[in-house]
Amino acid sequence: MSGYDAIVDRYRGVTGEAPEGLWYAPGRVNLIGEHTDYNDGFVLPFALERKAVVAAGRRVDGRLRLLSLELDEDVDLALSDLAPGQEGWSAYLAGVVWALREAGHDVGGATLVLTSDVPLGAGLSSSAAIECAVVAAYCDLYGLDIAPIDRAKLARVAENAYVGAPTGLLDQAASTLCQAEAGLFLDCRSLETEVVPLPMAEQGYEMLVLDTKTPHSHVDGEYGTRRATCEEAARLLGVPALRDVTDLDAALARLDDETMRRRVRHVVTEDERVLRALEVGRSGDLAGLAPLLTASHASMRDDYEITVPTVDLAVETALSAGALGARMTGGGFGGCIIALTHAGEADGIGRAIARSFAEAGYATPEWFTAVPAQGAGRLA
Ligand code: ADP
Ligand code: MG
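All values reported here derive from a predicted model rather than from experimental measurement. (Residues numbered from 1 in each chain as written. Chains lettered and ligands numbered in written order. Predicted model: local features only at pLDDT ≥ 70, side-chain atom pairs only at ≥ 80, totals over all residues. Heavy atoms only, no water.)

Asker: Would you explain the UniProt feature "domain: GHMP kinase N-terminal" (unreviewed entry) in the protein in this entry?
Answerer: Mapped onto this structure's residue numbering, the UniProt feature "domain: GHMP kinase N-terminal" (unreviewed entry) falls at residues 92-177. Strand forms 9% of residues 92-177 and helix 59%; the C-alpha atoms that close the span are 19 Å apart. (UniProt positions renumbered as here; feature names shortened; annotations may be inferred. Helix = DSSP H or I, 4+ residues; strand = E, 2+ residues; numbered from the N terminus.)

Asker: Please clarify how the site of ligand 1 should be interpreted in this entry.
Answerer: The environment of ligand 1 is made up of 17 residues, and the closest members are Ser68, Glu70, Gly121, Ser126 and Ser127. A distance of 2.6 Å is found between an oxygen atom of ligand 1 and a side-chain nitrogen or oxygen belonging to Ser126. More than half of the atoms belonging to ligand 1 lie within 2 Å of the grid points that define the largest pocket. Elements with a minimum of two residues in the shell around ligand 1: strand 5 (109-116) and helix 3 (126-141). (Near = heavy atom within 4 Å. Polar contact = N/O pair within 3.5 Å; in protein donor to acceptor, adjacent residues only side chain to side chain. 1 Å grid on protein atoms, 1.4 Å probe; cavity = no way out; pocket = protein on both sides within 12 Å on 5 of 7 lines; lining within 4 Å. Sits in = over half its atoms within 2 Å of the grid points.)

Asker: Is there a simple way to think about the side chain of His266 in this case?
Answerer: Mapped onto the secondary structure, His266 falls in helix 8 (residues 258-283). A distance of 2.9 Å separates a polar atom in the side chain of His266 from the backbone oxygen of Glu34.

Asker: Help me out: how do you make sense of the packing of aromatic side chains in this one?
Answerer: The way to describe two aromatic rings as a pair is by their centre distance and the angle between their planes. Applying the stated rule across the entire model yields 5 aromatic pairs. On the numbers, 5.3 Å between centres and 25 degrees between planes, the contact of Tyr138 with Tyr142 is stacked. Residue Tyr138 is classed as buried on the basis of its relative accessible area, which comes to 0%. Judged by its relative accessible area of 22%, Tyr142 is partly exposed. With a centroid separation of 5.5 Å and an interplanar angle of 85 degrees, the aromatic rings of Phe357 and Tyr362 are classed as edge-to-face. Positioned above the aromatic ring of Tyr24 is the side chain of Lys51, whose terminal nitrogen or guanidinium carbon lies 5.9 Å from the ring centre. In this structure, Arg226 is placed above the aromatic ring of Tyr304, and the distance from its NZ or CZ to the ring centre is 5.9 Å. (Phe/Tyr/Trp six-rings, centres within 6.5 Å; stacked < 30°, edge-to-face > 60°. Buried < 20%, exposed > 50% of the residue type's maximum accessible area, 1.4 Å probe, protein only. Lys NZ or Arg CZ within 6 Å of the ring centre and 35° of its normal.)

Asker: Looking at this structure, I do not really get the packing of helix 2 (residues 91-102) against helix 3. What am I missing?
Answerer: The angle between the axes and the distance between the axes are what describe a pair of packed helices. Viewed as axis vectors pointing N to C, helix 2 and helix 3 meet at an angle of 45 degrees, and their least axial separation amounts to 9 Å. Compared by their axis directions, helix 2 and helix 3 come out oblique. Of the two elements, helix 2 crosses helix 3, and the hand of that crossing is right-handed. Note on element contacts: helix 3 touches helix 2 through Ser127, Ile130, Glu131, Val134, Val135 and Tyr138, opposite Tyr92, Leu93, Val96, Val97 and Leu100. (Axes fitted to C-alpha atoms, helices over the stretch in contact; angles between N-to-C directions. Parallel < 35°, antiparallel > 145°, perpendicular 65-115°, else oblique. Left-handed = near helix turned anticlockwise from the far one by under 90°. Contact = heavy atoms within 4.5 Å.)

Asker: What is the right way to read helix 9 (residues 289-302) from this model?
Answerer: Because an α-helix completes one turn every 3.6 residues, residues spaced three or four positions apart along the sequence face the same direction. The terminal C-alpha atoms of helix 9 lie 20 Å apart, and with 14 residues this matches the ideal 20 Å at 1.5 Å per residue to within 8%. Every buried residue belonging to helix 9 is among Leu289, Ala290, Leu292, Leu293, Ser296, His297, Ser299 and Met300, and all of these are buried. Lining the buried residues of helix 9 we find strand 1 (21-32), helix 8, helix 10 (309-320), strand 9 (325-329) and strand 10 (336-342). (Expected span 1.5 Å × (residues − 1).)

Asker: It is not clear to me how the sheet that holds strand 10 should be interpreted in this structure. Could you clarify?
Answerer: The strands that make up a sheet pair up through hydrogen bonds in the backbone, lying either parallel or antiparallel. In spatial order, the strands read 9-10-8-11; together these 4 strands make up an open sheet with antiparallel pairing. Two strands lie at the open edges of the sheet, namely strand 9 and strand 11 (366-370), each paired on one side alone. Within this sheet the neighbouring strands show an average axis-to-axis angle of 20 degrees, counted without direction. Taken together, the 5 bridges between strand 8 (residues 205-211) and strand 11 define a ladder with antiparallel strand orientation. Residue pairing in the sheet places Val209 in a bridge with Phe368 of strand 11. On top of the sheet, helix 11 (residues 346-360) reaches strand 8, strand 10 and strand 11; it is set at about 30 degrees to strand 8, its chief contact. (Pairing = 2+ DSSP bridges.)

The structure is reproduced here in structure tokens:
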């Protein structure tokens, strides 16, 4: 249990016993496929080595005790009191227990001590990491035989119905189903998945993930208008969702509104880029990813208009400093960028971006080199 002594000690401190085990689930970045999920389209995330870990053990008194090392908070709840709308960080854990019980699983209480090195609120899905780690813990502790995709769906119920955040399945699917050195293709309509090989290290590549530290503003409103425009466009085009647009030029010719045309063009071309990225992964030669990343960024900047100056500067600097391809990742208006680089170059590109941010008077970014990692499981 090396590296996680602090949560084991804390568990012992509150229960007087050793935990029954340690379970984890990772954060994720989206390699490609932005704002395609609610258009019934395609996404392709991969899991990070950064993860949430819980030291866990059952309780027989019908209560749930939840501790977070980072927040230094201790919450004790009766299972019978679990109800959607609970405030604060502990809802991400309690919501999973609630979702399991709502789904008819006969599970009891637990003590769960959480630690996580997934940055909070940076768009790397610290929330799904917590939920999926708790699902993994509960499945083992209570002997539940739940298929991986259904584990992801349960974690999503916790986020949507209990916490109250209306997100798609991308985060929880990635955190649960991803495999090392691979991405996860997800069809957001059928929920079919395919593990896509991404042997970056073997082929001499690295992936930089850089948090621009831009405070998100107006995100919810902008998200809502984008979504409404897409739904309206699908209605005008007579298709269930923009995923069903097969002839982009013909579709654009039928729409009068210039803004709507640009939104449709982003969604349809982004779906195409995800499918091409899937082909690149299947082909085994990752060089083809780079231009797809950069084209995705241009589409988000010019057609979907969800980038901001810090993010654009980060991508431009990455490319001029030698990145092979780069894009904003996540819903937009700040957050992280990713850049595909030659092995050994990601950190230098991060430093180049930090310099350009300093010159522009922007906040100091944070970055790390990402390796596509394994989804949720048991650590010890
Ligand atoms: P993201 O998933 O993009 O990181 P969210 O807003 O969905 O952002 O989730 C962040 C929330 O998850 C935090 O506000 C907090 O409630 C919870 N959280 C994340 N990490 C921890 C942690 N280590 N301890 C307690 N709560 C955490
Ligand atoms: Mg989240």
